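A structural walkthrough
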There are 4 protein chains.
Amino acid sequence: MSDMDMDEAAAIIRSDPFASSLGIEFVLIESGHAVSRMKLTGEHLNFMGLVHGGAIFALADATFGAAANSNGTMAMAIHVSIDFLAPPGGTEHLEADVREDARAGRGGHYVMKITNDSGELVAVCQGWAYHTARPLVE
Amino acid sequence: MSDMDMDEAAAIIRSDPFASSLGIEFVLIESGHAVSRMKLTGEHLNFMGLVHGGAIFALADATFGAAANSNGTMAMAIHVSIDFLAPPGGTEHLEADVREDARAGRGGHYVMKITNDSGELVAVCQGWAYHTARPLVE
Amino acid sequence: MSDMDMDEAAAIIRSDPFASSLGIEFVLIESGHAVSRMKLTGEHLNFMGLVHGGAIFALADATFGAAANSNGTMAMAIHVSIDFLAPPGGTEHLEADVREDARAGRGGHYVMKITNDSGELVAVCQGWAYHTARPLVE
Amino acid sequence: MSDMDMDEAAAIIRSDPFASSLGIEFVLIESGHAVSRMKLTGEHLNFMGLVHGGAIFALADATFGAAANSNGTMAMAIHVSIDFLAPPGGTEHLEADVREDARAGRGGHYVMKITNDSGELVAVCQGWAYHTARPLVE
């Protein structure tokens, strides 16, 4: 895939409505790897005043999608296992770093780390995506 | 726990800012069991025009939180494994049904089913919550 | 697939060396569903004298393989998430019941329940298998 | 914990009947970290002639137990998610490397890598253990 195609794929990925609505910004999208940041607001909190697990997962999953689609063919998430390691604490952002660590046929396997502004682990995930043959850029 | 206390717990659960911002409505909150619905809008979509996996998980996780906190003591999610079974298709809502199926000391185990308006399974999850001794209603 | 072919598939599944070495007996193998029993001996225990988590998983996974291969085409496990709900207690056997609850293209999704002689849940699993086109019976 | 106590804990861990019956050898047991090897025989195979997923998991889980109990207090596995990345291929052994990457109260979180003789990833797992206060060495 040419660099221009990867740029086009990244532009499409960055246009994601759900990610945008949550304030997720894609810091880096390269082949099989993506990094994103989410600025926390009152809308990310649960009824206990802590960052909602669903918001933490959404950041991981959006970044998973960016890494899995980075090469310009559509990938679909099959499964994600998330372990919540610690409440984020008094952090302004959460950051997700997702890397492909294996391929098996059409499957791509990804590991995901979510950290706070101090670099402390908040959650880790692992998951599979299925890589279709359908181009992201038509 | 008295019915009045469970009503108070349910009221607190229903005030969840993240769930509200996603249009999640709690249809039923009873001991160890909760049902929720999320009306889908353009903000729930990913860059492919499909419901975002993060939105599907958020619905499951918010409902998990409702079931796990239904008895009025704070519970924290430890782990969730989500398997995405099928794209939701042309549905207006997604519904989540979460039930506690086991307790082990302070741990509660929950199974989660997410369905579309036709009752078709979209995703299933299983996960653990840790039940603290801290009351939700102080 | 004819009944004779399913009988042949079941015969192959029952010949599994690893399952046999652990004392796993396949009680039922039908389309997308299998039930197995494992008689517990001292070799199934961990250093605490409890049934080893690896033995519990092995029973689940062998039964998953039986359910996923029951229709006579080779299936490969992609992912399993196991939650250990309770120690088995003073039981002579463990039983696993595995059902396919969804198909998505080549993927089959399975839920697994492991119970003791009193019918109490010991562990639950969910997982994906990839169905190849390769026949089990050649 | 003194070095002598850790040596005693390691001796108990090495006496595990299930691990021994599968030919699992503990290469390294140190605080929050363990490495094990399993010599493959015909008994580790499934009916397709491939290493059984249950045998791969058993190696991971036994090593998880070694890492989680290394400090001499009993730990119980709560959950493990295993992703199978590739068939082991023509390898004589499988090796598991398990590390604790986080603690949350009584919970310890572990990441597990299973590789073949060529160092290729065969499977990865992540899971939680609950650390009781009960000493392994009484």
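Residues numbered from 1 in each chain as written. Chains lettered and ligands numbered in written order. Predicted model: local features only at pLDDT ≥ 70, side-chain atom pairs only at ≥ 80, totals over all residues.

With that settled, the discussion passes to helix α3 (residues 53–68) of chain B. With 16 residues, α3 of chain B ought to run about 22 Å at 1.5 Å a step, and its terminal C-alpha atoms sit 22 Å apart, in line with that. Burial runs high along α3 of chain B: 16 of the 16 residues are buried. (Helix = DSSP H or I, 4+ residues; strand = E, 2+ residues; numbered from the N terminus. Expected span 1.5 Å × (residues − 1). Buried ≥ 20, exposed ≤ 12 C-beta atoms within 10 Å, placed from the backbone.)

Contact residues are listed per partner, giving twelve residues for chain C and twelve residues for chain B. Among the secondary structure elements, those contributing two or more residues to the side of chain C that touches chain B are β3 (73–84), β4 (93–104) and β6 (121–135) of chain C. Its residues placed into classes, the side of chain C that touches chain B shows seven nonpolar, three polar and two charged. (Contact = placed C-beta atoms within 7 Å. Nonpolar A, V, L, I, M, F, W, Y, C, P; charged D, E, K, R; others polar.)

Residue and element names in this part refer to chain A. For serine 36, the position within the fold is in strand β2 (residues 33–39). The exposure class of serine 36 is buried, given the 28 C-beta atoms found within 10 Å. Put simply, serine 36 and valine 98 are 62 residues apart on the chain and 8.8 Å apart in space, counted from C-alpha to C-alpha. In contact with serine 36, other than residues within four places in its own chain, are Ile24, Glu25, Phe26, Val27, Leu59, Ala62, Thr63, Ala66 and Ala96.

Now for the interface of chain B and chain A. Taken residue by residue, the interface counts 32 residues in chain B and 32 residues in chain A. The biggest single contributor to the side of chain B that touches chain A is strand β3 (residues 73–84) of chain B, with nine residues. The pairing of strand β3 (residues 73–84) of chain A with β3 of chain B spans five bridges and is antiparallel. Bridge assignment links aspartate 83 of chain A to a residue of β3 of chain B, and that residue is histidine 79 of chain B. (Pairing = 2+ DSSP bridges.)

Further remarks concern the sheet that holds strand β6 (residues 121–135) of chain A. Strand order in the open sheet made by the twelve strands is β1(A)-β2(A)-β4(A)-β5(A)-β6(A)-β3(A)-β3(B)-β6(B)-β5(B)-β4(B)-β2(B)-β1(B), with antiparallel pairing throughout. Among the strands making up the open sheet, the edge pair consists of β1 (24–30) of chain A together with β1 (24–30) of chain B. Strand-to-strand twist of the sheet, defined as the mean angle between neighbouring strand axes without regard to direction, takes the value 20°. Pairing geometry for strand β5 (residues 107–116) of chain B and strand β6 (residues 121–135) of chain B, over nine bridges, is antiparallel. The partner of lysine 113 of chain B across the bridge, within β6 of chain B, is valine 124 of chain B. (Axes fitted to C-alpha atoms, helices over the stretch in contact; angles between N-to-C directions.)

Before going further, it helps to examine the relation of the copies chain B and chain A. The operation relating the two chain copies consists of a rotation about an axis and a shift along that axis. With an RMSD of 0.0 Å, the operation that places chain B on chain A is a rotation of 180° combined with a shift of 0.0 Å along the axis. The superposition of one copy onto the other is thereby described by a two-fold rotation axis. Among all residues of chain B, the minimum C-alpha distance to the rotation axis is found for serine 81 of chain B, at 2.0 Å. A shared interface surface links the copies, since 100% of the contact residues of chain B are contact residues in chain A too. (Least-squares fit on C-alpha atoms with pLDDT ≥ 70 in both.)

Here we take up helix α3 (residues 53–69) of chain D. The periodicity of an α-helix, 3.6 residues per turn, causes residues three or four positions apart to be oriented the same way. Between its first and last C-alpha, α3 of chain D extends 24 Å over 17 residues, near the 24 Å set by a 1.5 Å rise per residue. Extensive coverage of α3 of chain D is indicated by the burial of 17 of its 17 residues.

What follows deals with the relation of the copies chain C and chain B. Each copy superposes on the other: chain C lies on chain B with an RMSD of 0.0 Å after a rotation of 180° and an axial shift of 0.0 Å. A share of 100% of the interface residues of chain C reappears at the interface of chain B, consistent with the copies meeting face to face through the same patch.

Once that is clear, we can look at the pairing of strand β4 (residues 93–104) of chain B. Residue and element names in this part refer to chain B. Relative to β4, strand β2 (residues 33–39) runs antiparallel, the two sharing seven bridges. Each bridged residue has a counterpart across the sheet, and for arginine 37 the counterpart in β4 is glutamate 95. Here β4 pairs with β5 via ten bridges, running antiparallel. Residue valine 98 lies in a different strand from β5, and its bridge partner there is methionine 112. Here β4 folds back onto β5, and the loop between the two strands holds two residues, one of which, glycine 105, carries a positive phi near 60°.

This paragraph deals with the sheet that holds β6 of chain C. Pairing between the strands of a sheet comes from backbone hydrogen bonds, and it takes one of two forms, parallel or antiparallel. The strand order across the open sheet formed by twelve strands is β1(C)-β2(C)-β4(C)-β5(C)-β6(C)-β3(C)-β3(D)-β6(D)-β5(D)-β4(D)-β2(D)-β1(D), and the pairing between neighbours is antiparallel. Here the strands that pair on one side only, and so sit at the sheet edges, are β1 (24–30) of chain C together with β1 (24–30) of chain D. The sheet shows a mean angle of 20° between the axes of neighbouring strands, taken without regard to direction.

To continue, consider the packing of helix α3 (residues 53–69) of chain C against α3 of chain D. The N-to-C vectors of α3 of chain C and α3 of chain D enclose an angle of 160°; their axes lie 8 Å apart at closest approach. In terms of axis orientation, α3 of chain C runs roughly antiparallel to α3 of chain D. Here α3 of chain C and α3 of chain D pass one another in a crossing that is right-handed. Contact with α3 of chain C, carried on its side by Gly53, Gly54, Phe57, Ala58, Asp61 and Ala62 of chain C, involves Gly53, Gly54, Phe57, Ala58, Asp61 and Ala62 of chain D of α3 of chain D and no other residues of that element. Its residues assigned to classes, the contact of α3 of chain C with α3 of chain D shows six nonpolar, four polar and two charged. (Parallel < 35°, antiparallel > 145°, perpendicular 65-115°, else oblique. Left-handed = near helix turned anticlockwise from the far one by under 90°.)

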